[in-house]
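Summary of the model geometry
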Amino acid sequence: ATTTDPLTEEDRVWGMIQGLANSYDDPYTSFLPPQENEMFAEEISGEFGGVGMEVGRQDGILTVITPLKGTPAEAAGLHAGDLIIAIDNEPTEGMSVDQAVRLIRGEIGTDVVLKIARKGTNELVDITVTRDAIKIPTSSATLRDDGIFVIELYNFGATSPAEFRRALADFKLSRSDKLIIDLRGNPGGFLEASIEVASWFLPLGKVVVQEHYSDGTDDVVHRSKGYDLHEDDWKVVVLINRGSASASEIVAGALSEHEIATLIGTRTFGKGSVQELVDVTSDTALKVTIARWLTPLGHTISKNGLEPDIEVEMTPEDVREGRDPQLEKAVEFLLNGGVLEESSPEETLPEEA
């Protein structure tokens, strides 16, 4: 007789569904059995016990998309782009993103040890992070002494559009014409939230993003709702980095290609796929990739991400010393009139009939 608990019929069914999901070889298609489904619901609600970072897969390797601001992950020194080789000595090779998140989360006050490989170093490093209550922050807005208004948007959750609208109203009231939208470390969220945010800058009907289906189904085009507070004399910079993903890339791509904003920072993450949540039972769900994002000009966001107009690196030393060369460059750019020094042939957007 075996001493281990036998697999239940339910376990076998969950395992078969998970195996089917894994067979698609897509890191964002996964089955959520009861525990994972509950965890996903907690995340949507905005508070859970964990370390405070977004993770995903790039080139088949579990990767830190971004540590969230003011969380144990940030305090422990985890960086966007760090490769997670093991979680509490359990190798992550072949592990789904949802399985990894379940291992990283846990009881508040307990530790999790992440074995990390970092670009530019040859050694693996063990980083111990103490779990805490993670409440996902949404935004902040500041009018700087130099007259530049900065809106930091940390995610595209359910409350993000309303908070962004309030921040933009404050910008308008400030009578400043220089705006920085900081999407660095913003891992994305709801598609609808990205459409809402872009709609404050784009006239009615302008393309924000397209959903492209590989099975020949017609592309779905998402257009601006035309809230359009944007003034012609506004000078806008969007700050991006490796931690900017998904809905962040949609907004940055739309404002860039419609020539509303200049992108400054480093290349974005490249999470350009659309997931749909399908209930399997009352307490389980299937998260399925159904399409790919394309920018208004038809460029795919997947894999390559978005390239900044002005590339500015942020080194670990900058972080340690409290420097922000990307923000400094954005400020310099706006104070100097917000014009790129070199112009190159631009693609033109098709006009909407």
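Here is a short report on the structure shown in this document. (Residues numbered from 1 in each chain as written. Predicted model: local features only at pLDDT ≥ 70, side-chain atom pairs only at ≥ 80, totals over all residues. Heavy atoms only, no water.)

**Quick word on the overall build of the chain**
In plain terms, the rule: Numbering of helices and strands runs from the N terminus, with a helix taken as a DSSP run of H or I at least four residues long and a strand as a DSSP run of E at least two residues long. In this description the radius of gyration comes from C-alpha coordinates, and the expected globular size is given by 2.2 Å times residues to the power 0.38. Relative accessibility decides the category of a residue: with a 1.4 Å probe and only protein chains considered, values under 20% of the type maximum give buried, values over 50% give exposed, and everything between is partly exposed. The criterion used for residue contact is that any of the two residues' heavy atoms lie within 4.5 Å. Working definition of accessibility: Shrake-Rupley area with a 1.4 Å probe, residue cover restricted to the visible protein chains. We count Lys and Arg on the positive side and Asp and Glu on the negative side, and we leave His and both chain ends out. Here the site of a charge means NZ on Lys, CZ on Arg, CG on Asp, or CD on Glu.
What the chain contains, in helices and strands, is nine helices and 19 strands. The C-alpha radius of gyration computed for the chain amounts to 21 Å, which stays within 12% of the reference 20 Å derived for 353 residues, consistent with globular compactness. For the chain, the spread of C-alpha atoms along the three principal axes comes to 80 × 50 × 35 Å. For the chain, the residues scored as buried account for 47% of the 353 residues in total. By sequence separation, contacts in the chain at least 24 residues apart represent 66% of the contacts at least 6 residues apart. Put simply, the chain shows about 18,100 Å² of open surface, and 49% of that area lies on carbon and sulfur atoms. Here the chain contributes 30 positive and 63 negative side-chain charges, whose respective centroids are spaced 3 Å apart.

**Quick notes on the packing of helix α6 (residues 191-199) against helix α7 (residues 247-257)**
In plain terms, the rule: Every axis in this analysis is a line fitted to C-alpha atoms, fitted for helices over the stretch in contact. Angles between the N-to-C directions lie between 0 and 180 degrees. Roughly parallel means an angle under 35 degrees; roughly antiparallel means over 145; roughly perpendicular covers 65 to 115; every other angle is labelled oblique. Should the near helix be turned counterclockwise from the far one by less than a right angle, the crossing is left-handed, whereas a clockwise turn marks it as right-handed. For this classification, Asp, Glu, Lys and Arg are treated as charged, while Ala, Val, Leu, Ile, Met, Phe, Trp, Tyr, Cys and Pro are nonpolar and the rest, including Gly, are polar.
Orientation of α6 relative to α7, taken along the N-to-C sense of each, is 25°, at an axis distance of 9 Å. Here α7 runs roughly parallel to α6, going by the angle between their axes. For the element pair α6 and α7, the recorded crossing hand is right-handed. Contacts from L191, S194 and V197 in α6 reach A247, I250 and V251 in α7. Tallied by class, residues from the contact of α6 with α7 come to five nonpolar, one polar and no charged.

**Some words on α6**
Across the nine residues that make up α6, a large majority, seven, are buried. For α6, the complete set of buried residues consists of A193, S194, I195, E196, V197, A198 and S199.

**Details of the side chain of S160**
What counts, and what does not: A 3.5 Å cut-off defines polar contacts: any pair of N or O atoms within that distance qualifies, except that in protein one atom must be a possible hydrogen donor and the other a possible acceptor, and neighbouring residues in sequence count only when both atoms are side-chain atoms.
Along the chain, S160 turns up in helix α5 (residues 160-174). A distance of 2.8 Å separates a polar atom in the side chain of S160 from the backbone nitrogen of G157. When near neighbours in sequence (up to four residues on either side) are disregarded, S160 contacts T138, L153 and N155.

**Some thoughts on the pairing of strand β4 (residues 61-67)**
The condition that has to hold: Should DSSP find at least two bridges between two strands, the strands are taken to pair.
Most of β4 is tucked away: six of the seven residues are buried. With six bridges connecting them, strand β3 (residues 53-58) and β4 associate as antiparallel partners. The residue of β4 that forms the bridge with E54 is T66. Linking β3 to β4, which pair antiparallel, is a turn of two residues; within it D59 sits at a positive phi near 55°.

**A short note on the packing of aromatic side chains**
Applied cut-off: Only the six-membered ring of Trp is used, alongside the rings of Phe and Tyr, when aromatic pairs are assigned; centres must lie within 6.5 Å, and planes under 30 degrees apart are stacked while those over 60 apart are edge-to-face, with the rest tilted.
A complete count under the given rule lists six aromatic pairs for this structure. Between the aromatic rings of F149 and F171, the centroid separation amounts to 5.6 Å while the plane-to-plane angle is 50°, which identifies the pairing as tilted. Residue F149 is located in strand β11 (residues 149-153), and its partner F171 is located in helix α5; the two are separated by 22 residues in the primary sequence. The same class applies to F149 as to F171, namely buried. With centroids separated by 4.8 Å and ring planes inclined at 65°, the aromatic side chains of F171 and W234 adopt a geometry described as edge-to-face. One end of the pair, F171, is in helix α5; the other, W234, is in the loop between β14 (220-223) and β15 (235-240), with 63 residues separating them in the sequence. Residue F171 shares its accessibility class with W234, and that shared class is buried. An aromatic cluster is present here, built from F149, F164, F171, F201 and W234 joined pairwise through their rings.

**Regarding the sheet that holds strand β19 (residues 310-311)**
Taken in spatial order, the six strands line up as β10-β11-β12-β15-β16-β19 in an open sheet, and their pairing is mixed. The sheet terminates laterally at β10 (139-143) and β19, the two strands that pair on one side only. In the sheet, strand β12 (residues 178-182) pairs with β15 via five bridges, with the strands oriented parallel. Along β15, the bridge assignment pairs D182 with L239. In the packing of α5 onto the sheet, the strands contacted are β10, β11 and β12, and the crossing angle to β11 comes to about 175°. In the packing of α7 onto the sheet, contacts are made with β12, β15 and β16 (261-265), and the angle to β16 comes to roughly 130°.

**What to know about the pattern of salt bridges**
Any two side chains of opposite charge can pair if their charged atoms end up close together. As a reminder, the rule being used: Any Lys or Arg side-chain nitrogen found within 4 Å of a carboxyl oxygen on Asp or Glu counts as a salt bridge.
All chains considered together, the criterion is met by 14 salt bridges. Two residues, K178 and D177, come together in a salt bridge whose shortest N-O distance is 3.1 Å. For D177, a relative accessible area of 22% corresponds to the partly exposed category. The network of salt bridges with shared partners includes D182, R184 and D324.

**Considerations on the pairing of β15**
Which entries qualify depends on this criterion: A crossover counts as right-handed when, viewed with the strands pointing away from the observer, the path leading from the first strand over the helix to the second turns clockwise.
Among the six residues that make up β15, five are buried, leaving the element largely enclosed by the rest of the structure. With five bridges connecting them, β15 and β16 associate as parallel partners. Bridging from a neighbouring strand, I240 pairs with G265 of β16. Of the crossover connections in this fold, the one passing from β15 over α7 to the parallel β16 is right-handed.

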